[in-house]
Amino acid sequence: MNVKKLLSLWGLKWNPFSPEVPSEGLLATPKIEHFAWRLEQLVQEGGFALIAGESGTGKSVALRIVAERLAALRDVVVGVLERPQSKTADFYRELGEVFSVKLSPSNRYGGFRALRERWRAHLASSRIKPVLLIDEAQEMAPEVLSELRLLSSADFDATSLLTVVLAGDGRLVERLRHEDLIPLGTRIRTRLNTEAASREELSELLDHALAKAGNAKLMTAELKDTLVDRAAGNYRLLMTISGELLAYGMAQDAAQLDEKCFLEVFQTAGPRPTAKKKARV
């Protein structure tokens, strides 16, 4: 989206409904604030944390906020696992890239030992504390989750070498109840459960997004109510339909977004009539 036009037309510093909105534009709810605080304490000791909820309930935003808070801590190194679907060998390869440890994916034990020893050396010689963030963790294979549990601790669980934040939907919660993964599930020390938002929470997000972007009055109060109703408790859906309206308003050079814009975008009169074919002579 044309940022210069957003600025000139509405005085917006960025698209308030983009998934790539700057961190200062994110809304940290009291639940997220408490979870982030708990993680700041957890990092000092190491262990597992869980963010669980269905699509569109705010897991990714919570993970972004947590990542920024943890990265700001002294001596904390935050890494993100980009490919949760990886098998064990690729999992080790990516861990090596994230934490700058040379691993040999063809030798699982060698890679496992090298990474543990590298972290042991860091913990013994410095105050560095590694943190691994994994979004869409429900896609991880059970054997990889088990490897992660073994990798994260030492000295018969007396020493934690890593803090891991798993984020995923209900499938992840169910997976952690599986017999093979109960040892991991019982090690989760703090949780954030994201849920469908109330009307008040959706309204707060909409107001926050517009105000932080630079134009709190871009939308009429009536349009905000309509968007909140349309979103049906889903943060992501609210941002998506609001983004569509923003694009339409920019194309129309609208001074303000209102319900008329909403009707023109979403309340179509049905399929357009097709042109009649000329009869052949």
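Residues numbered from 1 in each chain as written. Predicted model: local features only at pLDDT ≥ 70, side-chain atom pairs only at ≥ 80, totals over all residues. Heavy atoms only, no water.

(A) Examining the overall build of the protein chain more closely. A tally of regular secondary structure across the protein chain gives 12 helices and 7 strands. Sorting the 281 residues of the protein chain into buried and exposed places 45% on the buried side. The contacts in the protein chain between residues at least 6 apart in sequence include a share of 74% that link residues at least 24 apart. Total accessible area on the protein chain stands at roughly 15,500 Å², and carbon and sulfur atoms take up 51% of it. (Helix = DSSP H or I, 4+ residues; strand = E, 2+ residues; numbered from the N terminus. Buried < 20%, exposed > 50% of the residue type's maximum accessible area, 1.4 Å probe, protein only. Contact = heavy atoms within 4.5 Å. Areas by Shrake-Rupley, 256 points an atom, 1.4 Å probe, with all protein chains shown as cover.)

(B) Molecular detail of the packing of aromatic side chains. By the definition in use, this model includes 2 aromatic pairs. Measuring from centroid to centroid gives 5.4 Å for Phe 91 and Tyr 92, while their planes differ by 65°, and the two rings are edge-to-face. Residues Phe 91 and Tyr 92 agree in their burial class; the two are buried. Their ring planes at 40° and their centres at 4.9 Å tell us that Phe 262 and Phe 266 sit as a pair that is tilted. Of the two residues, Phe 262 and Phe 266 are both situated in helix H12 (residues 259-266); the distance of 4 residues between them amounts to about one turn of the helix. Both residues of the pair, Phe 262 and Phe 266, belong to the buried class. (Phe/Tyr/Trp six-rings, centres within 6.5 Å; stacked < 30°, edge-to-face > 60°.)

(C) Spotlight on the pattern of salt bridges. A complete count under the given rule lists 13 salt bridges for this structure. For Arg 83, the salt bridge goes to Glu 97, with nearest N and O atoms at 4.0 Å. Taken together, the positions of Arg 83 in the loop between strand E2 (76-81) and helix H4 (88-98) and Glu 97 in helix H4 put the pair 14 residues apart, joining distant regions of the chain. Relative accessible area serves as the criterion here: at 39%, Arg 83 is assigned to the partly exposed category. In this structure Glu 97 comes out as exposed when scored by relative accessible area, which is 53%. A salt bridge links Asp 169 to Arg 171; the shortest N-O distance between them is 2.7 Å. (Salt bridge = Lys/Arg side-chain N within 4 Å of Asp/Glu carboxyl O.)

Purely spatial values, then, with no claim about function.
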